[in-house]
Structures are given as structure tokens and as C-alpha cells.
Amino acid sequence: MTFVTKLRFQSGNRHELESEVSDLKSMLERKGAECKGPHADPPERITVPQYKSLQPGDAFSAWDYTVYSRHLEIHGNDHIAREVGHMDFPESLHVEIEVEQQKPAGHLRK
């Protein structure tokens, strides 16, 4: 059975996101891991309302910011995927890791 490790990175700082993801991709390639990506999702524009008090009524202008996302997949290479899972990333980066077990075609499911 093969494991696929899916990594999703999000940040409001596009340059730092690009730098970290490209460094990770080059490290994975140096170690011989089969890696797909990074793939870019369209930037997401977020608007957050800001109120002057806890009471309904007066509000400041809304806070707007953009979130940039990249995702990539590591196929097999469990030890490299485990190493990536223990890496320290900058606080400005939100990292999600999902591990999926893939069974070969024709495998009987019980």
C-alpha cells in the first residue's frame, strides 16, 4: 500500500509562501521523493468587519486581506513525509498535512 501525503500551505505573505514552498520542493527533489506540485489556488480575498464596541451599531471600516495557497503531494517515501511533518515553518505560514492510504487497483475492500 502506498501513502500519499498532501500538504497545503496558506499565507498572507505571498513572497514568503513562494520561498518556503520552493525550498521544500527542492529539498524533496534532492532526497529523491516523488512530488507533485506545487499547485497554486486562486488568491482568496477576505473581509473582516470591525466594530467599535461589543454593542451593535458603530463600526470601523472593514479589514481586507488576501490569502495565498499552494498545495503539493508526496507519493510514497514515508520517511521523507514524516520528516516534513516535523519541520518548523514560519508563523506566517498555515500548514495542513493530510495522509491518505491508497490501495492498488483491484484490491478487495472489506
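Okay, so let's go over this structure. (Residues numbered from 1 in each chain as written. Predicted model: local features only at pLDDT ≥ 70, side-chain atom pairs only at ≥ 80, totals over all residues. Heavy atoms only, no water.)

Overview of the overall build of the protein chain
The helix and strand tally for the protein chain stands at 2 helices and 4 strands. Taking 110 residues into account, the globule formula puts the C-alpha radius of gyration at 13 Å, and the protein chain, at 19 Å, lies well above it. The principal-axis extent of the C-alpha atoms belonging to the protein chain is close to 60 × 40 × 25 Å. Considering only contacts in the protein chain between residues 6 or more positions apart, those separated by 24 or more positions represent 73%. Just so you have it, the protein chain exposes about 7800 Å², and 48% of that area is on carbon and sulfur atoms. If you average the places of the 14 positive and of the 18 negative side-chain charges in the protein chain, the two averages end up 7 Å apart. (Helix = DSSP H or I, 4+ residues; strand = E, 2+ residues; numbered from the N terminus. Rg over C-alpha atoms; globule rule 2.2 N^0.38 Å. Contact = heavy atoms within 4.5 Å. Areas by Shrake-Rupley, 256 points an atom, 1.4 Å probe, with all protein chains shown as cover. Lys, Arg positive; Asp, Glu negative; His and termini not counted. Charge placed at Lys NZ, Arg CZ, Asp CG, Glu CD.)

Here's the deal with the packing of aromatic side chains
In this structure the tally under the stated criterion is 2 aromatic pairs. The interplanar angle of 70° and the centroid separation of 5.6 Å between the aromatic rings of F9 and F89 together place this pair among those described as edge-to-face. Pair noted here: F9 is in strand 1 (residues 2-11) and F89 is in the loop between helix 2 (78-85) and strand 4 (94-102), with a separation of 80 residues, a long-range link. Here the aromatic rings of W63 and Y65 are separated by 4.7 Å at their centres, their planes lie at 35°, and the arrangement is tilted. The exposure class of Y65 is partly exposed, given its relative accessible area of 29%. The ring of Y68 has R14 sitting right over it, with the charged end atom 5.8 Å from the ring centre. (Phe/Tyr/Trp six-rings, centres within 6.5 Å; stacked < 30°, edge-to-face > 60°. Buried < 20%, exposed > 50% of the residue type's maximum accessible area, 1.4 Å probe, protein only. Lys NZ or Arg CZ within 6 Å of the ring centre and 35° of its normal.)

Brief notes about helix 2
Listing the buried residues of helix 2 in full gives I80, A81 and V84. Viewed along the axis of helix 2, the buried residues span an arc of 100°, placing them on a single side of the element. Of the residues in helix 2, the exposed ones pointing more than 90 degrees away from the buried face are H79 and R82. (Arc of directions from axis to C-beta.)

Here we look at the sheet that holds strand 4
One open sheet holds the 4 strands; their spatial order is 2-3-1-4, and the pairing between them is antiparallel. Edge positions in the sheet fall to strand 2 (34-51) and strand 4, since each has one partner strand and no second. Here the average twist between neighbouring strands, direction ignored, is 20°. As paired elements, strand 2 and strand 3 (residues 59-75) share 13 bridges and run antiparallel to each other. Note that in strand 3 the partner of H39 across the bridge is H71. In the packing of helix 1 (residues 14-30) onto the sheet, contacts are made with strand 1, strand 2 and strand 3, and the angle to strand 3 comes to roughly 10°. Here helix 2 sits on the sheet in contact with strand 1, strand 3 and strand 4, set at roughly 25° to strand 1. (Pairing = 2+ DSSP bridges. Axes fitted to C-alpha atoms, helices over the stretch in contact; angles between N-to-C directions.)

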